[in-house]
Amino acid sequence: MYLSVFDIFKIGIGPSSSHTMGPMVAAARFLETLRGSPFNPVGLRASLHGSLAFTGVGHATDRAVILGLDGVTPEAYDAAAAETALARIRATAEVRPDGLPPLRFDPATDLVFDYDRPLPGHANGMTLSATDAQGDVLATETYYSIGGGFVRTEAELAAGDPADQGAERPVPYPFSSAAEMLEMARASGRSIAAMKRANELARMSPAALETGLARIWSAMSDCIERGLATDGGLPGGLGIRRRAHAIHSALMAERGMNLTPPHTINDWMSVYAMAVNEENAAGGQVVTAPTNGAAGVVPATIRYWLSHVPAAQPSKIGDFLLTAAAIGGLIKHNASISGAECGCQAEVGSASAMAAAGLAAVMGGSPEQVENAAEIALEHHLGMTCDPVKGLVQVPCIERNGLGAIKAVSAASLALRGDGRHFVPLDACIETMRQTGRDMSEKYKETALGGLAVNVPNC
Ligand code: SF4
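Residues numbered from 1 in each chain as written. Predicted model: local features only at pLDDT ≥ 70, side-chain atom pairs only at ≥ 80, totals over all residues. Heavy atoms only, no water.

S.K.: Would you mind going over the packing of helix α13 (residues 297–308) against helix α18 (residues 397–417) with me for this structure?
M.R.: Between two packed helices, what matters for the description is the angle formed by their axes and the separation of those axes. Their axes nearest at 8 Å, the elements α13 and α18 cross at an angle of 50°. With respect to each other, α13 and α18 are oriented oblique. As for the relative orientation of α13 and α18, their crossing is right-handed in sense. Only Asn401, Gly404, Ala405, Ala408 and Val409 of α18 make contact with α13, whose side of the interface consists of Val297, Ala300, Thr301 and Tyr304. Tallied by class, the residues present in the contact of α13 with α18 amount to six nonpolar, three polar and no charged. (Axes fitted to C-alpha atoms, helices over the stretch in contact; angles between N-to-C directions. Helix = DSSP H or I, 4+ residues; strand = E, 2+ residues; numbered from the N terminus. Parallel < 35°, antiparallel > 145°, perpendicular 65-115°, else oblique. Left-handed = near helix turned anticlockwise from the far one by under 90°. Contact = heavy atoms within 4.5 Å. Nonpolar A, V, L, I, M, F, W, Y, C, P; charged D, E, K, R; others polar.)

S.K.: Explanation requested: the UniProt feature "domain: Serine dehydratase beta chain" (unreviewed entry) in the chain in the structure shown.
M.R.: Sites flagged by UniProt as "domain: Serine dehydratase beta chain" (unreviewed entry) map to residues 4–155. Between the end C-alpha atoms of residues 4–155 the distance is 22 Å, and the span holds 37% helix and 28% strand. (UniProt positions renumbered as here; feature names shortened; annotations may be inferred.)

S.K.: What am I meant to see in the domain arrangement of the chain here?
M.R.: Many analyses report the size of an interface as the accessible area lost when the parts associate. Once the domains are mapped, the chain shows domain 1 (17–162) and domain 2 (178–455). Of the residues lining the interface, 20 residues belong to domain 1; the matching set on domain 2 comes to 19 residues. Both faces combined, the contact of domain 1 with domain 2 buries some 1,500 Å², and carbon together with sulfur accounts for 52% of it. Inspection of the domain 1/domain 2 interface yields one salt bridge. A salt bridge links arginine 215 to glutamate 75, with the shortest nitrogen-to-oxygen separation between them at 3.2 Å. In this assembly, domain 1 and domain 2 are joined by seven residue pairs in polar contact (both at pLDDT 80 or more). Sorting the residues of the side of domain 1 that touches domain 2 by element identifies α2 (17–35), α3 (51–54) and β7 (137–147) as the ones contributing at least two each. In terms of residue count, the dominant contributor to the side of domain 1 that touches domain 2 is α2 (four residues). Split by residue class, the side of domain 1 that touches domain 2 holds seven nonpolar, 11 polar and two charged. (Domains from an automatic or database assignment. Buried area = accessible area lost by both parts, 1.4 Å probe. Salt bridge = Lys/Arg side-chain N within 4 Å of Asp/Glu carboxyl O. Polar contact = N/O pair within 3.5 Å; in protein donor to acceptor, adjacent residues only side chain to side chain.)

S.K.: Would you mind showing me how to read the nonpolar core here?
M.R.: Note that soluble globular proteins tend to have their nonpolar side chains buried in a common cluster. In this structure, Phe9, Met220, Val298, Ile302, Leu321 and Ile327 are the most contacted members of the largest nonpolar core, which totals 98 residues. Residues from two domains meet in this core; each of domain 1 (17–162) and domain 2 (178–455) gives at least three. Ignoring anything within four residues of it in the chain, the contact list for phenylalanine 9 reads Ile216, Met220, Val287, Thr288, Ala289, Val298, Leu321, Ala324, Ala325 and Met354. By size, the runner-up hydrophobic cluster in this structure holds 33 residues, among which are Ala27, Ala46, Leu86 and Val95. (Core = buried A, V, L, I, M, F, W, Y, C linked by side-chain atoms within 4.5 Å. Buried < 20%, exposed > 50% of the residue type's maximum accessible area, 1.4 Å probe, protein only.)

S.K.: Whenever I open this one, the packing of aromatic side chains confuses me. Can you help?
M.R.: Centre-to-centre distance and the angle between the planes together describe a pair of aromatic rings. Evaluation of the coordinates by the stated rule reveals four aromatic pairs. Geometrically, the ring pair formed by tryptophan 268 and tyrosine 272 is tilted, given 6.0 Å between the ring centres and 45° between the ring planes. Here tryptophan 268 and its partner tyrosine 272 are both found in helix α12 (residues 264–281), four residues apart, which amounts to about one turn of the helix. For the residue pair tryptophan 268 and tyrosine 272, the accessibility class agrees, reading buried in each case. By way of ring pairs, the aromatic residues Phe54, Phe113 and Tyr115 are connected into one cluster. A cation over a ring is seen here: lysine 10 above phenylalanine 150, with NZ or CZ 3.9 Å from the ring centre. Positioned over the ring face of phenylalanine 150 is lysine 332, at 4.5 Å from the centre of the ring. (Phe/Tyr/Trp six-rings, centres within 6.5 Å; stacked < 30°, edge-to-face > 60°. Lys NZ or Arg CZ within 6 Å of the ring centre and 35° of its normal.)

This is the structure in structure tokens:
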């Protein structure tokens, strides 16, 4: 099994990797099939199903599909240009993707929220169609946004995960469980980051890997800074105000005054995470880590380490990201990183496990201590539901990322106090998360039909 660090950490747009980024990626894939096809499409249609229909408006799925069909990609997203494009599309009922003629697409009629027909493959289904001048369908494809910005067609989903099929070149450390990972670390004498780096280098050059890792951290760090600098309200109708800016200003003012209690360090961890998730909620550019909803935990933990832990070395950020990606890959492979599949334990729980592992690694932990750190963080998110109020990735998501970062730091610290021996193996914890997610009511899996989503008055 092989998932690249750049599959886990992808630069994308908020607020949701499964409901915003995935649908935009699906639109890009559909346009690509049309570019190479013998059809001469005149128009496009899109329908959203299951969770994409129920919480699509709150997650800006409609916006992502409209912009995606206009040729916008998550990597190249520019907020100001996107607003201009949306106004043009709504006024002209036409999209203009590169490499294709202008295509009829009236968002008011050609984009359908189909609440009654969930698609069989996954909770997040969508169908895209190209039509002729009479409106008859020339080509159609069903896509599933399976979490973390990953998208599969119906056929791809049926064929299984390409990561399972040993596609492309083999990697030197093909671990598919934490037990295998530790065994390979023992046999090779290498750290988890070193094994992951060797796996990446089987597929890309050292320069591409280092440039890519630097770009990921740069995008994460920029997102923290934008979030800390920006005040005001968040979109969506809940009336939630951004808090990171004010909290950060207060923390800066208190610095060096010796007035604050020791637990104030938790506020620093929270504020870095909240800055990212407020940017995400506002539709800004974020890095999936492993998803948009959980995008704050890993950057906040790295920033905490860099800014607050003596002797932290920026040169080790790559090792942090590689270790975190190794853990994220194990969780995705053996359970899920999708709130729609397994609830928030799979999103913030996975992010916390990844961040705990990364921190333990850069603070000198052995592979066993790193695995222990990931296990502690994930174990104490087991059972956590996904119940975003009004379907917006705001409540409980923004604060939850702060608490996810705090748990990650605590888990790493506890693991580093031990010698790596521990009672619950990470593999058992991941399997428990999978089973718990399977048994969890659909109400608690990103549908906004249960939990806080129905118990908090939101209008
Ligand atoms: S509750 Fe958790 S899983 Fe659900 S949208 Fe928020 S961050 Fe994602």
